[in-house]
Amino acid sequence: MPLKSLPEYERLAEAAHGHLCAGQILGLRMALHGVQLLGMDDPAGVDRKRLVTFVEIDRCATDAIPVVTGCRLGKRALKFRDFGKVAATFCDLRDGRAVRLSARESSKQRARELYPEIANKNQQQMRAYRELADEELFESQWVRVRIGPEDLPGYKAPRVVCAECGEGISFKREVARDGRVLCRACAGERYYEPL
Ligand SMILES: [Zn+2]
Ligand SMILES: [Zn+2]
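Everything numeric in this text was worked out from a predicted model, so none of it was measured.

Caption draft 1: Up close: the overall build of the chain. Counting its secondary structure elements, the chain contains 7 helices and 9 strands. Expressed as a percentage of its 195 residues, the buried residues of the chain come to 43%. Carbon and sulfur atoms make up 49% of the accessible area of the chain, which amounts to about 11400 Å² in all. For the chain, the distance from the average position of its 33 positive side-chain charges to the average position of its 28 negative side-chain charges is 3 Å.

As structure tokens, this is what we get:
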């Protein structure tokens, strides 16, 4: 399934996300620009094993990215780095190339300039984000991303069991502490407190 048109992606994104909004359109445009810069025309099909995407915010735009790229958290092809930025890095595993795109701060202002008559900000931005050139929407930079084998899709390794809580741990996420093998929670990285 080669790349589709933006309206087609919008329909798919709306179904996946529950509504269509400016953030979704920005995310779709970002993903399309990213895969095009990498020269991939079938990211969710033929090229699906080539692509890993890092996203930097947990907002609407992030939900739209897998609609184009096919990269999903459960396939280990979508990585979340919580930097609070509307930005994503698209990595081509085959060619070892990666491009990071970030949404320009000026894009909201550009939307106001283009469609001052549209009072609703979301509608104004949706319209503008469909039409603005990639360069007006995004800053792009070629980067190097080092992805260890344990972070790649398809990585296989024996599961180990935490010496403290007894839960199984995959993908080398265990921690050695005083001669014992612990999960990250028991090693002190717990984000929850047992009641
Ligand atoms: Zn949304
Ligand atoms: Zn544990």
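Alright, that's what it looks like, and here's the rest.
Caption draft 2: Fine view of the packing of helix α2 (residues 22-37) against helix α3 (residues 60-69). Closest axis-to-axis distance for the α2/α3 pair is 7 Å, and the angle between their directions is 40°. Considered as vectors, α2 and α3 are oriented oblique to each other. Crossing angle aside, the handedness with which α2 passes α3 is right-handed. Taking contact as the criterion, the partners of G23, Q24, G27, L28, M30, A31, L32 and V35 in α2 are, on α3, C60, A61, D63, A64, I65, V67, V68 and T69.

Caption draft 3: Structural context of the packing of helix α1 (residues 6-17) against α2. Look at α1 against α2: their axes get within 10 Å of each other, and the N-to-C directions meet at 125°. The orientation of α1 with respect to α2, classified from their angle, is oblique. As α1 runs across α2, the sense of the crossing is right-handed. Facing L6, Y9, E10, A13, E14 and H17 of α1, the residues of α2 in contact are Q24, I25, L28, R29 and L32. Residue composition of the contact of α1 with α2, grouped by class: 6 nonpolar, 2 polar and 3 charged.

Caption draft 4: Looking closely at the packing of aromatic side chains. One pass over the structure, following the stated rule, counts 2 aromatic pairs. Ring centres of Y155 and F171 lie 6.5 Å apart, and the angle between their planes is 50°; this geometry places the pair in the tilted category. Of this pair, Y155 sits in the loop between β5 (138-143) and β6 (160-161) while F171 sits in the loop between β7 (168-169) and β8 (175-177); the two residues are 16 residues apart in sequence, bridging distant segments of the chain. Where Y191 meets Y192, the ring centres are 5.0 Å apart and the plane angle is 80°; that geometry is what we call edge-to-face. Exposure remark for Y191: the relative accessible area of 76% places this residue in the exposed category. For Y192, a relative accessible area of 38% gives the class partly exposed.

Rules behind the numbers
Residues numbered from 1 in each chain as written. Chains lettered and ligands numbered in written order. Predicted model: local features only at pLDDT ≥ 70, side-chain atom pairs only at ≥ 80, totals over all residues. Heavy atoms only, no water. Helix = DSSP H or I, 4+ residues; strand = E, 2+ residues; numbered from the N terminus. Buried < 20%, exposed > 50% of the residue type's maximum accessible area, 1.4 Å probe, protein only. Areas by Shrake-Rupley, 256 points an atom, 1.4 Å probe, with all protein chains shown as cover. Lys, Arg positive; Asp, Glu negative; His and termini not counted. Charge placed at Lys NZ, Arg CZ, Asp CG, Glu CD. Axes fitted to C-alpha atoms, helices over the stretch in contact; angles between N-to-C directions. Parallel < 35°, antiparallel > 145°, perpendicular 65-115°, else oblique. Left-handed = near helix turned anticlockwise from the far one by under 90°. Contact = heavy atoms within 4.5 Å. Nonpolar A, V, L, I, M, F, W, Y, C, P; charged D, E, K, R; others polar. Phe/Tyr/Trp six-rings, centres within 6.5 Å; stacked < 30°, edge-to-face > 60°.

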